[in-house]
Each structure stands twice: as structure tokens, then as C-alpha cells.
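Commentary on secondary and tertiary structure
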Amino acid sequence: AVWSTAKLLAPQADVTVVTSERHRAAHDRLLADRDPALPEGVRFVFAPEPADDVSPFHSWQHAWSAQVCATLREIAPRDGFDLVEFPDYWGQAAVTIEARRAGDAAFRAALVLVRTHTSHEMTAAINREPLSAQTHVVRALERASLRFADRVLYPVESVRVAYERFYGSEGLAPASIIPLPFDSPGEASADAPATAADGP
């Protein structure tokens, strides 16, 4: 989904994907092989993952959220970002949202969006996992991200309804329904049957 979105947006915008440093070697291989799967015109930036000792942060996820924010700040255009999108899982947007709310120049004019993929809290509830100190921190990061983002992005209305049922309307930023794009390998055949207008 990230690659497809980047590929869709690249002809119209400057697109940068920030991801973990552990993906750098795979990216470099794709680049060296000129693999067509690598979205053309998309910049990839690799953030170092937190060390074993994450103090003064409350969890690895909290430290990762701070690291992503610091990496974004390092690569920010002079006039700041227009838009930054995060997944909801692990509350990765939390520190960036707090930086924006505090007036950080890199994010002052940015729309900070959180796209729903299923939060860790929802997954834990479905799996009936017991709560721990760490899951409380992750839950707080996710809830702060979903509540204080500029928009929460949902792929379809039924997902928005499910999130509202789980978190309550007061716990969610305004909604936008924007389906995830996907990139299909190859071109559709000219003689392929047409999809029915009321079909999937």
C-alpha cells in the first residue's frame, strides 16, 4: 500500500518514504537492479531504530515515534511539509503531532494524517491479549494519534463506523474516506471482460 500510494502521488508531488534503517540493504539491491517495483521519483529515507535502552521514553514504540519525528525534521523542506501521513499502528504519529501542536516549524503548516490499518489496541482486543505496562503506552500513543491528527483516513465507510464504535466519536479526528490504491502488475488486457458497474 505504501509503495502504491507513493507511485500514484510521485508524478504530482515530492514524495518521501521514511522507514526503518533495516530496510536499506533491500532498497539498495532493488535500486542496483533497477527493479521496476521501486516507485520512480520517490525518495526513501532510513531512520535508525531505537537501541535496547529506550530511556527516557516509555516504550520502544514511543522512542520510534520520536525517531521518525527527528528524521522528518532533518529532511524537512525550508518552508516545512505540506502533508505527512502515518499508519495508526503503534501510534507512530504521536510525537510528530505533539511537535506540530507545539509550533515546530517543520510541521507548522503540515496536514498530519493517520491512516487506519487496524491499531494494536484493536488487534489486542480481538485477540483478548492481557494488558501490560507496555500495551498501555502503545494504547496512549495510538489514541493520541487518532484524536489529534488533522484527519483520520479510512478505506471505506464501514471501517470508519468500526473505529467510531471502538473509540467513540470524541476520540477520533475528522474522517476522510480514501481507499488505498494498489498497483496491479502489468497492463489490463484489452480483451478482458469489463467489470460490471455494480460489481466489486
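Here we summarise the structure given alongside this text.

Attention now goes to the environment of A66. With respect to the helices, strands and loops of the structure, A66 is situated in helix 3 (residues 60-75). Through-space distance from the C-alpha of A66 to that of S169 is 27 Å; in sequence the pair is 103 residues apart. A66 has contacts with F57 and V95, leaving out every residue within four places of it along the chain.

Read from one edge to the other, the open sheet built from four strands follows the order 3-4-5-6, with strand pairing classed as parallel. Looking at the sheet topology across the chains shown, the edges are occupied by strand 3 (83-87) and strand 6 (175-177). Taken pair by pair, the neighbouring strands of this sheet meet at an average axis angle of 30°, ignoring direction. By the bridge criterion, three bridges tie strand 4 (residues 111-115) to strand 5 (residues 151-154) in an arrangement that is parallel. Note that in strand 5 the partner of L113 across the bridge is R151.

Conventions we followed
Residues numbered from 1 in each chain as written. Predicted model: local features only at pLDDT ≥ 70, side-chain atom pairs only at ≥ 80, totals over all residues. Heavy atoms only, no water. Helix = DSSP H or I, 4+ residues; strand = E, 2+ residues; numbered from the N terminus. Contact = heavy atoms within 4.5 Å. Pairing = 2+ DSSP bridges. Axes fitted to C-alpha atoms, helices over the stretch in contact; angles between N-to-C directions.

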